[in-house]
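Geometric and topological summary
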Amino acid sequence: MNEEQLKTELARAYRALRGIYGAVAKGQRPGETMLFYHSPVLAAAIRFVDDEQMDGSSYFEGKPIKLLGDALKGYER
C-alpha cells in the first residue's frame, strides 16, 4: 500500500471506530445498518490482526460477498 492508500484506510477505520464508539457511549448496541456499512473495514481489521494482511477494506471490492462474510466470521475464532 502506498501512503495515500494508507491514509484512506486509516480514515475509514477511524470513522468506523467513531461510529461504533458513539453508539456504545450512549449505551446502545451498534445497529445492523452501521455494522453492514462498516463491514469491509471491520473485516480488513480482522484480517490484519489474525493474518497480518495489509490489503485494507478495498481488498473486498469487486469480490464475492462470501469472501467478506468469511472474513467477518474470522472474528468468531
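Here the structure is shown first, and the text comes after it.
Right, let's walk through the structure included here. On a predicted model such as this, the values are computed, not experimentally measured, just so you know. In this convention, every chain numbers its residues from 1, walking through the sequence in written order. This being a predicted model, a pLDDT of at least 70 is required before a residue's local features are given, and a value of 80 or more before pairs of side-chain atoms are given or counted; all residues contribute to the totals for chains, interfaces and linings. Derived side-chain values reflect all non-hydrogen atoms in the structure, with water molecules and hydrogen atoms excluded from consideration.

1. Some remarks on the pattern of salt bridges
The cut-off we apply is this: Note on definitions: salt bridges are taken to be side-chain nitrogens of Lys or Arg within 4 Å of carboxyl oxygens of Asp or Glu. A 1.4 Å probe rolled over the protein chains alone gives each residue an accessible area, and that area as a share of the maximum for its type sets the label: buried under 20%, exposed over 50%, partly exposed in between.
In this structure the tally under the stated criterion is 4 salt bridges. Here Arg47 ties to Asp55 by a salt bridge, and the two come within 2.9 Å at their closest N and O atoms. Given a relative accessible area of 31%, Asp55 falls into the partly exposed group.

2. Comments concerning the packing of aromatic side chains
Heads up, the condition is: Here a Phe, Tyr or Trp ring, Trp counted by its six-membered ring, pairs with any other such ring whose centre lies within 6.5 Å, and the pair is stacked when the planes are under 30 degrees apart, edge-to-face when over 60, and tilted otherwise. The criterion is that NZ of a Lys, or CZ of an Arg, lies within 6 Å of the ring centre and within 35 degrees of the ring normal, and then a charge sits over that ring.
Summed over all chains, the structure comprises 1 aromatic pair. A ring pair is formed by Tyr59 and Phe60, whose centres lie 5.1 Å apart and whose planes are at 85°; its orientation type is edge-to-face. Classification of Phe60 by relative accessible area gives buried; the value is 8%. Here the guanidinium or amino end of Arg47 rests over the ring plane of Tyr59, the centre of that ring lying 3.8 Å away. Across the ring face of Tyr59, the terminal group of Lys63 is positioned such that the distance to the ring centre comes to 3.9 Å.

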